[in-house]
Amino acid sequence: MVAVFNKELLSWYLITLKLRETVESGIATTPTSNKSIEFPDQIQQNLQKQQQEPSESLQIVVVNGDGSFEEGLKSPESEWVISIKEKLERACQDDVAGTWAKLCIYKVPHYLREGDDKAYFPQIVSLGPYHHGRRRLRQMDRHKWRSLHQVLKRTNHDTSLYLNSIKELEEKARSCYEGPINLSSNEFVEMMVLDGCFVLELFRGAAGGFKHLGYPRNDPIFAMRGSMHSIQRDMIMLENQIPLFILDRLLGLQLGDPDQRGSVAKLAIQFFDPLMPTDEPLTKSDRNKLESSLGCTTTFDPLFDQSGLHCLDVFRRSLLRTGPKPTPRVWIKRGSHANRVADIRRQQLIHCVTELKEAGIKFKKRKTDRFWDIKFNNGILSIPRLLIHDGTKSLFLNLIAFEQSHLDSTNDITSYVVFMDNLINSSEDVGYLHYCGIIEHWLGSDAEVAELFNRLCQEVVYDINDSYLSRLSARVNKYYNHRWNAWRASLRHNYFSNPWAIVSFFAAVVLLVLTFAQTFYGVYSFYRPPI
């Protein structure tokens, strides 16, 4: 057998072994013997050598069947090499082809969430493994079990039906999350079933009524009351997502129809509708005009678009339901920069509202329910109405974090937020946009809105060549840089800003004309006096 000791333990082992041999051989058993125990010279030399050598190294002792032993030394350098090899093996496992391809539920990078943890971390309910088991979120667990109990009671199903079905998808579900998940197979499957049924109960209750699902009218969670807004805000966070195919499978089991792709996405859009950053009502004629101007139907139908990854991705797709987008303007040559990194020095797209006003650009509210659909024609910047409430910050931050993390995602939300951040530099900018009907907010002051937008884009870097607003920004900047537009705007601001200024201007012009006429006739009469 093999045992590993350090130097000190080996010394005590040798001493004990020698004492046992001495006792068994009968040496020093005479009471009158005053001789001290003597060790062979080889053992004494070994002990002295062991005391002189450092104790950090490990000693391998191989004890044979006849009681003899062999020694071997394991150096710290060899342990270091083994440690490096183990780390390389783990890196190789992480780098296996396909490991990153299915990843879609990310942990928010530290450089984005610094100082804004509350915007990214759930405050009431946890979904998925990232925040599973947190102490302050455990209170919602009993309501999750209530939802599962209600599902089983309503469907007359056994728990094993859901557990076995989700266990088939365990490996696929684990690959959607970033990093190792410290949960056993049973714990992970239980979490997916419990959290998934909880989410579906909320979705179906918001769509058809919780009373229809068997919940009492005064239920503390499964009712449309004040806490529902906080739950919705938690459920839209990037780190608090469940793969959509898990929800599809669970809904199919509940309804007895396995083909439910698209149904959960449709329920999710309806559930998260209160978080929409706009509520601009459109008449039927307005909607028809909008769709005809885009050249196609712009209604997002999740039953046909079944490529959603999770609820946040579905909600983002519903926000961006759109027809053809303009081709982004190329700011730099693409020849040798096909794989370029975004240049943080070129993040500025447009000037602020105050500066654009001085250049003669007007602002107008655009009547559309697509808050990102900004237009610029003939010096008029038309921007759809934007609603800002206490959940807007968390919503935009998580949408931006998803676009920054997911390679196959466009940066449309990021482009819009950066554009608005450029427009808003002060409370005066917010006040003027509010005066134009473009911004409606429920925050304390215009200064808070300005600070919100200025903080949304901190540490966010993206390529403006991929922005859908790059061409529009180029036209706005071209208009801004034309001096005649600035002079005309200055004239209008100084002399035509109100009726009294207009009257004063024309009075001054008339007085100037009369003075010129008087001077002319005075000079004319001097050189050509009347006969």
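As the structure is a prediction and not an experimental result, all values here were calculated from the model.

What to know about the overall build of the protein
In terms of helices and strands, the protein carries 22 helices and eight strands. When each of the 531 residues of the protein is scored for burial, the buried share is 41%. Taken as a whole, the protein presents about 30,800 Å² of accessible surface, with 54% of it coming from carbon and sulfur.

Some details on the pattern of salt bridges
Tallying each qualifying case throughout the model produces 13 salt bridges. A salt bridge links D219 to R146; the nearest nitrogen and oxygen atoms lie 2.3 Å apart. Of this pair, D219 sits in the loop between α9 (185–208) and α10 (227–235) while R146 sits in helix α6 (residues 141–155); the two residues are 73 residues apart in sequence, bridging distant segments of the chain. According to the relative accessible area criterion, R146 is partly exposed, its value standing at 27%. With its nearest N and O atoms 3.9 Å apart, the salt bridge here joins K167 to E170.

Description of the nonpolar core
Of all hydrophobic cores here, the largest spans 116 residues; its most connected members are F203, M235, F272, F363, L381, Y416 and L423. A per-element tally of this core places α9 first, with 12 residues. L381 has contacts with I361, K362, F363, K364, I374, K375, F376, F419, L423, L472 and V476, leaving out every residue within four places of it along the chain.

Digging into unusual backbone geometry
A positive phi is found at N156, a non-glycine position, where the angle reads about 60°. Mapped onto the fold, N156 is located in the loop between α6 and α7 (159–167). Even without being glycine, N378 reaches a positive phi, approximately 50°.

A word on the sheet that holds strand β5 (residues 375–377)
Taking strand neighbours across the sheet as the criterion, the three strands line up as β4-β6-β5 in an open arrangement whose pairing is mixed. Looking at strand neighbours, the two that pair on one side only are β4 (362–366) and β5, the edges of this open sheet. Adjacent strand axes in the sheet meet at a mean angle of 25°, parallel and antiparallel pairs treated alike. The pairing of β5 with strand β6 (residues 380–384) spans three bridges and is antiparallel. Bridging across to β6, F376 finds its partner in L381. Against the sheet, helix α20 (residues 470–481) engages β5 and β6, with an angle of about 35° to β5.

Describing the side chain of Q254
When you line up the elements, Q254 lands in helix α11 (residues 244–255). Among the polar contacts made by the side chain of Q254, one reaches the side chain of R204 at a distance of 3.0 Å. The contacts of Q254, once residues within four sequence positions are left out, are V151, R154, T155, H157, Y162, C197, L200, E201 and R204.

So, the packing of α6 against α9
Here α6 crosses α9 at 75°, and the two axes come no closer than 8 Å. In terms of orientation, α6 lies roughly perpendicular with respect to α9. For the pair formed by α6 and α9, the contact residues are H143, K144, W145, S147, L148, Q150, V151 and R154 on the first element and E190, V193, L194, D195, C197, F198, E201 and R204 on the second. When its residues are assigned to classes, the contact of α6 with α9 shows seven nonpolar, three polar and six charged.

Focus: helix α14 (residues 311–319)
In terms of burial, α14 is largely enclosed, as eight of its nine residues are buried. All of the buried residues along α14 are C311, L312, D313, V314, F315, R316, S318 and L319. Lining the buried residues of α14 we find α9, α11, α12 (263–271), α16 (392–405) and α17 (412–423).

Overview of the packing of aromatic side chains
The final tally for this structure, using the stated rule, is 16 aromatic pairs. Relative to F222, the ring of F198 lies with its centre 5.8 Å away and its plane at 70°, an arrangement referred to as edge-to-face. Here F222 lies in the loop between α9 and α10 and F198 lies in helix α9, a separation of 24 residues in the sequence. With centroids separated by 6.0 Å and ring planes inclined at 80°, the aromatic side chains of F376 and Y479 adopt a geometry described as edge-to-face. Of this pair, F376 sits in strand β5 while Y479 sits in helix α20, and the two are 103 residues apart along the sequence. This pair shows no difference in class: F376 is buried, exactly as Y479 is.

Reading the values: rules and limits
Each chain carries its own residue numbering, running from 1 in the written order of its sequence. Two thresholds apply to this predicted model, a pLDDT of at least 70 for residue-level local features and 80 or more for giving and counting side-chain atom pairs, whereas whole-chain, interface and lining totals are computed over all residues. To obtain the side-chain values, all non-hydrogen atoms of the structure were included, while hydrogens and water were left out. Here a strand is any run of E in DSSP of at least two residues, a helix any run of H or I of at least four, and the numbering for each starts at the N terminus. Remark: exposure states derive from per-residue accessible area (1.4 Å probe, protein chains only) relative to the maximum for the residue type, with buried under 20%, exposed over 50%, and partly exposed in between. The protein chains shown are the only cover counted for residues, whose accessible areas, like all others here, come from Shrake-Rupley with a 1.4 Å probe. Salt bridges are defined as contacts in which a side-chain nitrogen from Lys or Arg sits within 4 Å of a carboxyl oxygen from Asp or Glu. Definition used in this section: a nonpolar core is a set of buried Ala, Val, Leu, Ile, Met, Phe, Trp, Tyr and Cys residues joined via side-chain atoms within 4.5 Å. Contact definition: two residues touch when any of their heavy atoms are within 4.5 Å. The rule for pairing is simple: two strands pair if DSSP sees at least two bridges between them. Note on geometry: axes are C-alpha line fits, over the in-contact stretch for helices, and angles between N-to-C directions span 0 to 180 degrees. Residues adjacent in sequence count toward polar contacts only when both atoms are side-chain atoms; beyond that, a polar contact is any pair of N or O atoms within 3.5 Å, and within protein one must be able to donate a hydrogen and the other to accept it. Oblique is the label for any angle not under 35 degrees, not over 145, and not in the 65 to 115 range, which are roughly parallel, roughly antiparallel and roughly perpendicular in turn. In this count, Pro and Cys sit with the nonpolar residues alongside Ala, Val, Leu, Ile, Met, Phe, Trp and Tyr, while Asp, Glu, Lys and Arg are called charged and the others, Gly among them, polar. What counts as a ring pair is set by centres within 6.5 Å for rings of Phe, Tyr and Trp (its six-membered ring), and what kind of pair is set by the plane angle: stacked under 30 degrees, edge-to-face over 60, tilted for all other angles.

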